Amino acid sequence: MHRRYFTRLRFAFLTGSILSLLAALFCMQQFARGVLNDTIQIEAPAKVSHRILFISSYDPLYFTYEFQRKGIESGLYPSATEYDVVYMDTKNYGTPKDIQAFHDFLKKRLSETKRRYEAVLIGDDAALEFALMYQKELFPEMPIVFFGINNLELAVKAAQNPYITGFYEQNYLKQTLDLTMRLFPEIKHFVGLHDRSVAGIADYEIFSLFPEQYPDFKFTTIDVSKMTQSQMLNTLEHLSDDSILIYMTCYSDVWGNNYSIRDRTRAIAEHTKRPIVRNYVCVDNIKLLGGIYMDFEVQCNMAARLVIDILNGRKVASIPLHLETPPRVTINYQLMKDYRLDFSKLPPETVFYNKPVTFLSHYGPILPSISLLVLALLMLLAMTYTVSLSRKATERELRESHEELERSHQELEKSHEELRYQAENDESLGILNRRAATEHLNRMLSPADVYSIIMVDIDSFKELNESFGHQVADSILEYMTAVFRRMSTNWLLARYGGDEFLLMLPGEQLSPAHPLIERLMDNIRAPIPLGDESINITASIGISVSDGETTPEQHIHNAESAMYEAKNHGKNGAALYDEELKAKSREELQIKAKLQEAFENDGFYMLFQPQISSQTKKVVGYEALVRMKEPGMYPGAFIPVAEKNGWIWRIGRITTELVIKQLAQWKQQGHELHPVSVNFSSNQLNDHGYVDFVISLLKTYDVPPEYLEIEITEGLFLEKSALADKIFNRFKEIGIRLLMDDFGTGYSSLGYLSYIPVDVIKLDKTLVDTYLVTGKDFFIRDVIQMMHDLGKEMIIEGVEYEWQFLRLRDFGADTIQGYYFSKPIPPEAAISFTVAG
């Protein structure tokens, strides 16, 4: 009776536990879906219907650019519209000469590119002035939409053009002041910080109206463009105790230096104790109270969607100038607390930052899941307790069933034997596994014993698995096991790996030519029956024979090395671990030692092979090639060893730093710079800090990122791993071009070239040697043309003869690299290299 009761109780607890667990999983799924929706990014359209040009007044590191990019992409990508962007960088290059240089660059690009733009997006005042100046020349009758314009007069003037419309960047300075007055009713003195930029002047003009609008308050301005950085900071340190600082546009000083928003904000916040408000983005600085500003992302999204409307037929002339964009209110939560301000005076749409994370706010979304999991656990514990009660009730019955207990004991012993067998044997093949075989050989063999260790690896087993499926692959392994068993009388047989078998033959000193090895190879090559069909396989065999000194475990490793040697010699054969292989191992150890010494003692240097324009025969770039200072240590010897031992990331960092240092030296010496490419190995993907390392070097040595290029092999692009994509995108974000090296040596497909983030294709020398001959050279010509149609540049490697150069030039190749012009040469020769004649 009690058994039935406890069974029902256990069932109830188990059911409740399962239901609680399922409910917890559902809640966690909903939570994860919400997190994913918050972090997902809009991807560029796979199929492009329209393409537009975006001209930015600044560079991609300017504080508003990331908001602009997100707004533009969220507005364009859903309509299958892609955009290209060019940066004027007027903060650093704003002179008339710079503007003319940008005009020449853009004009050349528009005339040479295969892409045709249907509209132009303009970001900020400088780009709009440029567009107005050169509209008829560069963008005749092309719709132009602008945004982020501080100069209202300029925006009104541009909107009068029948092909131009856009959005004025509304200044929320007055709204920020009104909010500040509500929060600090006792403060009567406001100090405005500005410069003489377009936005700074706009801020100043609005601020200068405040004394008339608010006669009971005092307003003072500080023009930072008339001060040095130290003078500005000294002024801030002496602000009166009854004042509030309104931090407007002020990124320059009297010497014409431009400061980033983060650097200027940090300096301002560290040199005043007065509250700081701002009518622009506050970059989450913990000492800024916040303010009201125009939402750049929203305005850029509106501008992008307006472009889509125009491309769909809406007339530009009918679209009025947009004067208002929804504002964004951001407030420092902790400073509100510190200043003891009234939160009720804030607008309901206020977004807080620097807000302490409470237990509920941090864990609230997952508390339901945790509660349900705890409930499930409690029910399991209750069920366990019920089991315990039931066990106590049945102990009396168990004591009375001695026979049953004995039977259970025997079954337990049998179970232990089965577990021991499973631990030592391969479950699918019924032979010893790797661990058990190694322990067995170490235990049973002594140095005086005569034996041979054989390692057998099925050739191309991965391809067999992928072609015929796991079931056929398992059948092949079972067939091989049967072959070995038929041949053996007293052999030890084990499965060493997925498709590797380990054999120990006592009393034998075998060689590749031994009849037993030949018979073993014949049996492996024999057709394997698979139903009504058969399949042929081959294997690579490694042999290591006892020598009275080496341990059995080392013989296993030696046989494995010999097996890999057999694979390297074409597979389908056998190799003996002999003195030659020992010497090869010793040579590898010597190379490892030289590499370690080079790492510690600056043992590397760089050579540079010039890359020549096919049309002008002038140097347009270089490929950097690493060398060791140690005599006799050539790349073909030390690179494979570095790859094998996981050191290639160190060489990658060393070569990158040497190249950037050399670029900085050339720049300091006044030489004209050209891009230099460095090679990036697939094994460097695990160097997660490499991109940050490159950014730090470029900043330290003051080298623009466009002079560093990264060469990546074709196979690494084809893998399309998330880690590789992340690294490639980061390179592109900082302005480093990507080159595909060895194109044509891997699984080349023109299809993937349209979406991978590569700028330049390097055609491998093997294709030049094979196809740049009479009757086949049309292939090279077509590849070059197709690359140009895809918007890619072409570098042809391995050009050694004048006729090759002339033919490639006729085919439209962009750049030539090879011994016809120059071998890799030292930096002092490379920077002064010119083509004779």
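Read on for a plain summary of the structure.

What counts, and at which threshold
Residues numbered from 1 in each chain as written. Predicted model: local features only at pLDDT ≥ 70, side-chain atom pairs only at ≥ 80, totals over all residues. Heavy atoms only, no water. Core = buried A, V, L, I, M, F, W, Y, C linked by side-chain atoms within 4.5 Å. Buried < 20%, exposed > 50% of the residue type's maximum accessible area, 1.4 Å probe, protein only. Helix = DSSP H or I, 4+ residues; strand = E, 2+ residues; numbered from the N terminus. Contact = heavy atoms within 4.5 Å. Arc of directions from axis to C-beta. Phe/Tyr/Trp six-rings, centres within 6.5 Å; stacked < 30°, edge-to-face > 60°. Lys NZ or Arg CZ within 6 Å of the ring centre and 35° of its normal. Salt bridge = Lys/Arg side-chain N within 4 Å of Asp/Glu carboxyl O. Axes fitted to C-alpha atoms, helices over the stretch in contact; angles between N-to-C directions. Left-handed = near helix turned anticlockwise from the far one by under 90°. Nonpolar A, V, L, I, M, F, W, Y, C, P; charged D, E, K, R; others polar. 1 Å grid on protein atoms, 1.4 Å probe; cavity = no way out; pocket = protein on both sides within 12 Å on 5 of 7 lines; lining within 4 Å. Points joined across faces, edges and corners; volume = space filled by probe spheres on them. Pairing = 2+ DSSP bridges.

**Description of the nonpolar core**
- With 75 residues, the main nonpolar core has L595 and I796 as its most contacted residues.
- Broken down by element, the residue count for this core peaks at 7 residues, all from helix α23 (residues 648-668).
- Sequence-distant contacts of I796, defined by excluding residues within four places in its chain, comprise L763, V768, I784, L808, A813, T815, I816 and Q817.
- The next biggest cluster of nonpolar side chains, apart from the first, holds 55 residues, and it includes F184, Y280, F296 and I331.

**Re helix α22 (residues 635-644)**
- Of all the residues in α22, the buried ones are F638, V641 and A642. End-on view of α22: buried residues confined to an arc of 100°, all on one side of the axis. The outward face of α22, more than 90 degrees from its buried face, is lined by the exposed residues G636 and K644.
- Residues of α22 that are buried sit in contact with α21 (579-600), β20 (604-613), β21 (619-628) and α23.
- Phi turns positive, to about 75°, at G646, one or two residues after α22.

**Quick notes on the side chain of K567**
- Mapped onto the secondary structure, K567 falls in helix α20 (residues 552-568).
- The class of K567 is buried, set by a relative accessible area of 19%.
- Once you skip the residues sitting within four places of it in the chain, K567 turns out to touch D457, I458, D459 and S540.

**Re the environment of L581**
- With respect to the helices and strands, L581 occurs in helix α21.
- On the accessibility criterion, L581 (8% relative accessible area) is buried.
- For the pair L581 and S561, spaced 20 residues apart in sequence, the C-alpha separation works out to 8.1 Å.
- Apart from the residues lying within four places of it in its own chain, the contact partners of L581 are A562, E565 and L576.

**With respect to the packing of aromatic side chains**
- Under the definition given, this model contains 37 aromatic pairs.
- Ring plane angle 35° and centroid distance 5.8 Å describe the contact between F54 and F147, whose orientation is recorded as tilted. Residue F54 is located in strand β1 (residues 50-56), and its partner F147 is located in strand β4 (residues 144-149); the two are separated by 93 residues in the primary sequence.
- The interplanar angle of 65° and the centroid separation of 5.2 Å between the aromatic rings of F484 and F501 together place this pair among those described as edge-to-face. With F484 in helix α18 (residues 470-487) and F501 in strand β15 (residues 500-506), this residue pair connects regions lying 17 residues apart in the sequence.
- Given the relative accessible area of 1%, F484 is considered buried.
- Under the relative-accessibility criterion, F501 is labelled buried at 0%.
- In textbook terms, an aromatic cluster arises when at least three aromatic residues are bridged by ring pairs, as seen for F190, F207, F210, Y214, F217 and F219.
- Here R196 stacks its cationic end above the ring of Y204, 5.9 Å away from the centre of that ring.

**A word on the pattern of salt bridges**
- Here the structure, examined in full by the defined rule, presents 34 salt bridges.
- Across the salt bridge formed by E73 and R69, the nearest N and O atoms sit 2.9 Å from each other. Highlighted residues: E73 and R69, both in helix α2 (residues 65-76), separated by 4 residues, approximately one helical turn. For the pair E73 and R69, a shared accessibility class is recorded, and that class is buried.

**What to know about the packing of α2 against helix α11 (residues 296-311)**
- The contact between α2 and α11 brings their axes to 7 Å, and the two run at 35°. At the point where α2 passes α11, the crossing takes the right-handed sense. Contact residues: F67, Q68, K70, G71, I72, S74, G75 and L76 in α2; F296, E297, C300, N301, A304, R305 and I308 in α11.
- Across the contact of α2 with α11, the residue classes tally to 7 nonpolar, 5 polar and 3 charged.

**A look at empty space enclosed by the protein**
- One pass over the full model with this rule turns up 3 cavities of 30 Å³ or more.
- Put simply, the largest cavity is a space of about 130 Å³.
- Lining the largest cavity are 14 residues, and of these Y58, Y62, N150, E169 and A199 sit closest to its centre.
- Classifying every residue of the lining of the largest cavity by side-chain character gives 7 nonpolar, 4 polar and 3 charged.

**Examining the pairing of strand β6 (residues 189-194)**
- The buried fraction of β6 is high, at 6 of 6 residues.
- Burial of the side chains of β6 extends over both faces: H189, V191 and L193 are buried on one face and F190, G192 and H194 on the other.
- With 6 bridges joining them, β6 and strand β7 (residues 218-223) adopt parallel strand pairing. Looking across to β7, one finds that F190 is bridged to F219.
- The pairing of β6 with strand β8 (residues 243-247) spans 5 bridges and is classified as parallel.

**Concerning the environment of I18**
- Its location among the elements puts I18 in helix α1 (residues 2-39).
- Overall, the relative accessible area of 43% leaves I18 in the partly exposed class.
- For the pair I18 and A376, spaced 358 residues apart in the sequence, the C-alpha separation amounts to 6.9 Å.

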